[in-house]
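# Coordinates in review
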Amino acid sequence: MTGWQPGEAADVVIIGAGVVGAAIARELSRYQLTVLLADAANDVGTGTTKANTAILHTGFDAVPGSLESRLLRRGCALLTDYAALAGIPVERTGALLVAWTAEQQRELPSIQERARQNSCEGVRPVTAAELYRREPHLGPGALAALEIPDESVICPWTTPLAYATEAVRAGVRLMLGTRVTAARAESGPGGARGGHVLSTNRGTLRGRWVVNAAGLHSDRVDAMLGGDGGFTIRPRRGELIVFDKLARPLLGSILLPVPTAQSKGVLVAPTVYGNVLLGPTAQDIDDRADTATTSGGLASLTAAGRRILPRLLDEEVTATYAGLRAATEHRDYQIRVDATRRYACAAGIRSTGLSASLGIAEHVVGLMGEAGLPLRGRNGTAAPPVMPYIGQAGTRPYQDAALIAADPDYGRIVCHCERVTRGEIRDALASTVPPADLDGLRRRTRALNGRCQGFYCAATVSALMAGRPGGGRPGTAGRQVRAGQQA
Amino acid sequence: MNADVLIVGAGPAGLAAAAELRRLAVGQVLVVDREQQPGGVPRHSAHTGYGLRDLHRVLTGPAYARHYADAAARAGAEIRAAVTVTGWAGSRCATLTGAAGIESVSARAVLLATGCRERPRPARLVPGDRPAGVMTTGELQQRVYLHGERLPGRAVVVGAEHVSFSAMLTLAHAGADVVALVTDLPRQQSYAGFALAALARWRVPVWTSTAVRRIEGRERLAAVDLADLRTGAVRRVKCDTLVFTGDWIPDHELARAAGIAIDAGTRGPAVDTALETSVRNVFAAGNLVHAAETADVAALGGIHAARHIAAALRAGQGMASPSPVTLSLDTPSPDAPPAPRVPITVDPPLVWISPNAIRFFSPPGDTTISPPHGRFLLRSQVFRRRAVLEVRQGGRVLARNRARLIPGRPVHLDAGWLAQIRPSDGPVLVALARG
């Protein structure tokens, strides 16, 4: 993509720079198209994308034959390969789906059968004896389990950043702080339907095609664009508790409950940052921005944690947070492409968007091609960017003697709990998609994410952030990010 | 490289220990600290009152930090700031990381003096939004005193102990209008004079039996919901800054990474009266083993540890195999100290005691080592104006000492009864006498 100027019509405008919108932008960036990726927030991946259980799902328990099942399987395979190339932290810990009651135990064979129908390999029953051998800290009373060997944990922050970085480097214009407030269709020559005109808080955007990847706001965007409707977003809040890294040795695999109709239930999982995650709750709410935790939610989680992994509660809590799943009244994804209106909708992705993102992008762009979007490959090969590694299992900069010898800033640890160096903060501030605020820096480096929650380093990290040349504050300026923008 | 003693943490305990070790003619003493400057927490605590018990004069925090950094350097200890111990290659072999690279240090003895931190908001499971403007006293003081930040607007301080009043002063200094100190306890825990001065001079009240129920504000802090625990009434108080104070936890990560036994009460490494841990020739001192005491108490603990480290090195205990009379603090370790130790524990409402075991001189093994300053430190979770602490071993009452109990405030137990301890009579228990 080259030469787009403000005011000109782009080939495609994507509304929403969450993991799904960013994945679609990345997919489209491989073709000779001008693409704009717009988001109301000041960073990519700030909605459902950033606050979830951070599991790379195989889709073993999806509804067989559903679109979700197919795209999850495809997305999981694609993302596993992509993560390895892009340096996105992934740990293949496997999962144990634990039955605590006779009723749950009776469910296991049908879950195993569903996994087979979903082409999920290697799922097998595990006896209580083997379960306790593998997970000696598990609370008493587990009767049996299923092992799902390919379930993994992934970094939900690096993933959309890698997609956006690749897209921006390939010419996609990332327009942050850009909220679409209204849309209309231009009339084309001879009364034919023209492109879309989108009103935003930063002026007008024109696009021949529009992709709705607006997550929690996708039904409203759909209505704005005159889509066929048929779905309503019903935010489902999930509260989670992150435990100290000292709790990490308490478990080996992801510990899943037997799912109910409402939710997958409360799980305990390692994180790629070396912590342990407990959650989520599932509460239907009306407010699409209410990511507050509640006393009831936190109490129910600690009670569940005490049953599943009693010693977990002896360790300190590092963080609590809540995320909103973009659920609808439907069980399956709401993906449709309207050739006449030149409108693609990728909504109702609920809680599996991170795992399925690359599958969804491939599917949506394929449908757009069939509907007439010209997909001509660009010259040069697309290559995933190499993202800064922020996982715990691999080698971080502070552990790399050669790197420190080449640049002492990688030996200067600023955030002690997470061992984030001055060099990594500097790199994040100068990256293709730089952070707009401390929260963005946190998601790129892990700084401020640790057990002290800023007791030691918040003041220093804030000062480094404020020293950024040309650094803006969130909400005071729109941010356009394009390749070559940084000095 | 090699060192006779590696000290991790250049706060009052670590620096005081370094100076003392050099005074006792221990050869190579290396002190490392992950912060940019040595001195520890007093560096960013600008108020006065430091140095009463150890230096017998009163200094500001930064002056006190400089005093110990200078004293350790003058005594010939090597102090390296901005260097982090990132792991262990053996029980006394540490991996150091800094701008100069990654290096291993093997020491004949190690002193852990990594201090403590305040429990932040998430660890207290306070529900609500996650806005900016919520911090601990440590972060507040660094923002204000090290980085010169201003904090205009209304502030609420959670806690009513010494450090809470210190946070109030820092907030006032930074231009904040402090609305109140709130505590879920029925009374404030600091000196009566502090609370009176807060009210008279700054018009800041202490709201007792009051708990933070919820935090509100999407980007910036907007308000807190405060519940009156007596009536159940909840009210919304607008504020721009919320500071969580006190509720200390030791920074015990390195100790746990080294496989050192942790005391269930203090949550720091379990130490005996010589301040040696469950791993031989690894000692721990300062607020890592009693979170949190004032800086002078930490420094005196460092000096106490230094004397026993010097003695251990002189005795050439270096790498000798453990003696058969070992009584370890937790599970017996092949690398545990050689002398017999008798655990000392407390019953509720006492929450912890430090040190956690009584050590006997070895040889001959019948005289005990006194704790730092000749007394044990305890904590209570209840207020009691006239309590009696009873010290018992194997059915014998060894002592009954009067004490005033205030949560979060030190309770001292003089160790005059130590001579009556018998190595074979089992653990010593400290509990409140009935009646």
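From a predicted model like this one, the values you see are computed outputs, not experimental measurements.

### Focus on the overall build of chain A
When helices and strands are counted, chain A shows 12 helices and 23 strands. Each of the 487 residues in chain A was classed as buried or not, and the buried ones make up 57%. The contacts in chain A between residues at least 6 apart in sequence include a share of 74% that link residues at least 24 apart.

### Focus: the domain arrangement of chain A
All names here are of chain A. We note that the domain assignment places domain 1 (1-92 + 152-233 + 328-394), domain 2 (95-149 + 234-327) and domain 3 (397-470) within chain A. When each unit is reduced to the centre of its C-alpha atoms, the spacing between domain 2 and domain 3 is 31 Å. The interface of domain 2 with domain 3 comprises 4 residues on the first partner and 4 residues on the second. For the side of domain 2 that touches domain 3, the per-class residue count stands at 1 nonpolar, 1 polar and 2 charged.

### Some remarks on the sheet that holds strand β24 (residues 384-393) of chain B
Residue and element names in this part refer to chain B. What the 5 strands build is an open sheet, ordered β22-β20-β27-β24-β25; its pairing is mixed. Each of the sheet's edge strands pairs with one partner strand only, and the pair in question is β22 (357-359) and β25 (396-405). Neighbour-to-neighbour, the strand axes of the sheet open up by a mean angle of 20°, direction not taken into account.

### Examining the domain arrangement of chain B
Residues and elements named next belong to chain B. Once the domains are mapped, chain B shows domain 1 (1-118 + 248-338), domain 2 (120-246) and domain 3 (341-435). In this structure, domain 1 and domain 2 have C-alpha centres spaced 32 Å apart. Opposite the 7 residues of domain 1 that make contact, domain 2 presents 13 residues. Across the side of domain 1 that touches domain 2, the residue classes tally to 2 nonpolar, 3 polar and 2 charged.

### With respect to the nonpolar core
Grouped together as the largest cluster of nonpolar side chains are 137 residues, with contacts concentrated most on A:Ile14, A:Ile24, A:Ala25, A:Leu37, A:Ala164, A:Val211 and A:Ala346. In terms of residue count, the dominant contributor to this core is helix α8 (residues 353-370) of chain A (8 residues). Each of domain 1 (1-92 + 152-233 + 328-394) and domain 2 (95-149 + 234-327) of chain A accounts for three or more of the residues forming this core. Once residues within four sequence positions are removed from consideration, A:Ala346 is found in contact with A:Val20, A:Ile24, A:Val211, A:Asn212, A:Ala213, A:Ile335, A:Ile360 and A:Val364. In terms of nonpolar packing, the next biggest core, distinct from the first, is built from 92 residues, B:Ile79, B:Ala107, B:Ala285 and B:Ala295 among them.

### Thoughts on the pairing of strand β1 (residues 9-15) of chain A
Residues and elements named next belong to chain A. With 6 of its 7 residues buried, β1 lies for the most part within the structure. Where β1 lies against strand β12 (residues 203-212), 6 bridges are found, and the strand directions are parallel. Its bridge partner being in β12, valine 13 is matched across the sheet by valine 210. As for the winding sense of the linkage, the β-α-β connection from β1 through helix α1 (residues 19-28) to strand β2 (residues 35-38) is right-handed.

### Quick notes on the interface of chain A and chain B
Interfaces are frequently sized by the accessible area removed from exposure as the parts join. Each partner contributes to the interface: chain A provides 31 residues, whereas chain B provides 33 residues. Split by residue class, the side of chain A that touches chain B holds 19 nonpolar, 9 polar and 3 charged.

### A word on unusual backbone geometry
The peptide bond linking A:Gly279 to A:Pro280 adopts the cis configuration, its omega dihedral lying at -5°. Residue placement: A:Pro280 occurs in the loop between β16 (276-279) and β17 (283-284). Following B:Ser354, the chain continues into B:Pro355 via a peptide bond in cis, with omega recorded as -5°. Not every positive phi belongs to a glycine, and B:Arg203 is a case in point at roughly 55°. Relative to the helices and strands, B:Arg203 resides in the loop between α5 (192-202) and β13 (206-207). Positioned with a positive phi, B:Leu275 is a non-glycine residue whose angle comes to about 70°. As for its position among the elements, B:Leu275 is in the loop between α6 (253-257) and β19 (282-284).

### Considerations on the packing of helix α1 (residues 12-23) of chain B against helix α2 (residues 61-74) of chain B
In a pair of packed helices, the angle between the axes and the distance between the axes together describe the arrangement. Residue and element names in this part refer to chain B. Direction vectors running N to C along α1 and α2 enclose 30°, while the axes themselves pass 8 Å from each other. Taken together, α1 and α2 sit at an angle that is classed as roughly parallel. Crossing hand, α1 versus α2: left-handed. Counting all contacts with α1, which are made through Pro12, Leu15, Ala16, Ala18 and Ala19, the residues of α2 involved are Tyr68, Ala69, Ala71 and Ala72. Classifying every residue of the contact of α1 with α2 gives 9 nonpolar, no polar and no charged.

Thresholds, definitions, all that
Residues numbered from 1 in each chain as written. Chains lettered and ligands numbered in written order. Predicted model: local features only at pLDDT ≥ 70, side-chain atom pairs only at ≥ 80, totals over all residues. Helix = DSSP H or I, 4+ residues; strand = E, 2+ residues; numbered from the N terminus. Buried ≥ 20, exposed ≤ 12 C-beta atoms within 10 Å, placed from the backbone. Contact = placed C-beta atoms within 7 Å. Domains from an automatic or database assignment. Nonpolar A, V, L, I, M, F, W, Y, C, P; charged D, E, K, R; others polar. Pairing = 2+ DSSP bridges. Axes fitted to C-alpha atoms, helices over the stretch in contact; angles between N-to-C directions. Core = buried A, V, L, I, M, F, W, Y, C linked by C-beta atoms within 7 Å. Right-handed = clockwise from strand over helix to strand, strands pointing away. Parallel < 35°, antiparallel > 145°, perpendicular 65-115°, else oblique. Left-handed = near helix turned anticlockwise from the far one by under 90°.

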